[in-house]
Amino acid sequence: MVKIITKKSLGTQEVYDIGVEKDHNFTLENSLVASNCFNKSHSMAYAYITYQTAYLKANFPVEYMAALLTANSGDQEKVQRYITNCLKLKIDVEPPDINGSELTFTPLPMEMTKGEKHKILFGISAVKNVGEGAIENILEARQEGGDFKSLPDLCDRVNLHSVNRRALEALIQCGAFDKIDHNRQQLVNDLEGVIKWAQDRKKDRESGQGNLFDLLGDTSFGKSANKYESAPKSKTVKDFDKQEKLRLEKELLGFYVSEHPLKNLLQMNQDPDVVTLEQLEDKKGKVSVIVMISAIKPVVTKKGEKMAILQIEDLTHQIKAVVFPKTYEQVGSHITDNAVLLISGKIEKDGEEIQIIVDDAKPVKAVEMSEEFKPLENEDAEIWHPESVKILQVAKPVELLQMVIVKLTPQQIKDTKSLNYLKAILQELSNRGGDGSVSVAGIVVGEYSCQPLRISSQLWVQDGEETVSRLKSAGFDARIFPLNNHGDAMVFREMRDRLNLHSWASCLLDTDRDRISSYLKYLTQSSQITAPPF
């Protein structure tokens, strides 16, 4: 609605038919006039464009999303949201590729790559510190001479005044050379020597001296010689760790591309009370979100109390979160750069802006389980390798008296309905007022393999006998084992006998008692370790 300030008669004029009754007056009460009254042609144009974009998204999803990302490349918030949409459409968004990326986002449909998934490559123009002249020079050299085979190959073929050290370092650190050499730190260390080597080669060519391999026509004693073998190489070093790789990607591209720290956590989350930041627009009151802290602004009140204003993000959105002094006293130790937290609080809306007033914050991490037992060397039958199991966990010290173990088959693990049924039973029996004194764990038993499956402490129970009874009634094979006053070997022996584990597992009782102890501790710990100790 808008308000009429002045009026002026224009007499009788020719007007467009906008589909309303004759002589309709758009002036309403209190001098207000109705707005957004689209004429028929305008509405038709909108409907036609809507149909076109819907058709493109349905039939050409990779090309459509690549175009959408390119059109909005200057809006970081929109790009992040569209990358999340790509994940939902099972389209991988990958870092730039020095041999595959164009200026803007590059679609790579399965039909083109013969791969298993659609892909979209970041454009080279998205990389910070790589100027327009450098991009043009790289693309021109690639078009003339084909794909680059190595870092020396690229440095030998491009203009190093345009493609300078800063640009090359940025391309390496964001992952653009990963398909040539995945060790990013090694390439960064090699870079200075390779640049000088390429500059010397250029001077030789310009002076007419050439290189020995060039004079031999790229052959040596009947074998093809690599003219880049003479390029210097620094001492071999390990690659950057995952955290450093992700940090550099975020710094140079503005996004986590190869793997977002929250990706697995959000995909595994089954708690309906935990929502994404994008969903907050439709929520009221208290909410819980799994987020990463991207920026911290410390604040000291007039009373000298500490508080903080946070910039938090997930795969869908970025918003602010306010931690007032009383809450800061309790959770301040968890508030660090790039910390992954489960934050609970109240939504506060100011027009279109949304922020969370934090009531509580807990560190969250993904625990990845690998295969525990392996068959004996003389077992030559086909082995079933279960997929890794990941569980969201928040640290809680618990004094345990008993352990309920559920024996599962590979078929049950793949059956979502069966797992949801198991979870529903445990949720019903778990103690909502505090921590359960009976831990719950699982063992996935295949024909020739056995894998432990630790279950979140939030699903631990108070009454072990009742839990076993309910699980058996529901068709699950479950047993209860006392943990107090029992040696590890005794508990394992009971597990082996009562759960009918394989005969080769018996060998562990005599050959590796430490492994048994580690196995049991692993099942009864909730978050002290991040991977099996075996």
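Structural data are supplied above this passage.
Everything numeric in this text was worked out from a predicted model, so none of it was measured. (Residues numbered from 1 in each chain as written. Predicted model: local features only at pLDDT ≥ 70, side-chain atom pairs only at ≥ 80, totals over all residues. Heavy atoms only, no water.)

1. A short note on the pattern of salt bridges
Under the counting rule described, the total for this entry stands at 18 salt bridges. With a closest N to O distance of 3.4 Å, Lys119 and Glu94 form a salt bridge. Linking Lys119 in strand β5 (residues 118–121) with Glu94 in strand β3 (residues 91–94), this pair joins segments that are 25 residues apart in sequence. Overall, the relative accessible area of 26% leaves Lys119 in the partly exposed class. Glu94 sits in the buried class, given a relative accessible area of 19%. (Salt bridge = Lys/Arg side-chain N within 4 Å of Asp/Glu carboxyl O. Helix = DSSP H or I, 4+ residues; strand = E, 2+ residues; numbered from the N terminus. Buried < 20%, exposed > 50% of the residue type's maximum accessible area, 1.4 Å probe, protein only.)

2. Considering unusual backbone geometry
Non-glycine residue Lys90 carries a positive phi angle of around 60°. With respect to the helices, strands and loops of the structure, Lys90 is situated in the loop between α3 (76–88) and β3. The exposed category is assigned to Lys90, whose relative accessible area is 62%. Within the chain, Asn129 stands out as a residue other than glycine whose phi angle is a positive 75°. The residue Asn129 is located in the loop between β5 and α5 (132–145) in this model. For Asn129, a relative accessible area of 36% puts it in the partly exposed group.

3. Focus on the nonpolar core
Core analysis: the biggest nonpolar cluster contains 50 residues, and Ile120, Val130, Leu171 and Phe177 have the highest contact counts within it. Contributing elements (two or more residues each) for this core: α2 (61–71), α3, β3, α5, α6 (151–157), α7 (165–173), α8 (184–207) and α10 (242–253). With seven residues, α8 is the single largest residue contributor to this core. When near neighbours in sequence (up to four residues on either side) are disregarded, Val130 contacts Ile124, Ile135, Ala167, Ala170 and Leu171. Membership of the second largest hydrophobic core comes to 23 residues, among which are Val289, Ile312, Val331 and Ala339. (Core = buried A, V, L, I, M, F, W, Y, C linked by side-chain atoms within 4.5 Å. Contact = heavy atoms within 4.5 Å.)

4. With respect to the packing of aromatic side chains
Summed over the entire model, instances satisfying the criterion amount to two aromatic pairs. Ring geometry for Phe105 against Phe122: centres 4.8 Å apart, planes inclined by 55°, an arrangement best described as tilted. A residue pair is termed long-range when its members are at least 10 positions apart, and Phe105 in the loop between β3 and β4 (106–108) and Phe122 in the loop between β5 and α5 qualify at 17 residues. Given the relative accessible area of 1%, Phe122 is considered buried. Against the face of Tyr82 rests Arg81, its NZ or CZ located 6.0 Å from the ring centre. (Phe/Tyr/Trp six-rings, centres within 6.5 Å; stacked < 30°, edge-to-face > 60°. Lys NZ or Arg CZ within 6 Å of the ring centre and 35° of its normal.)

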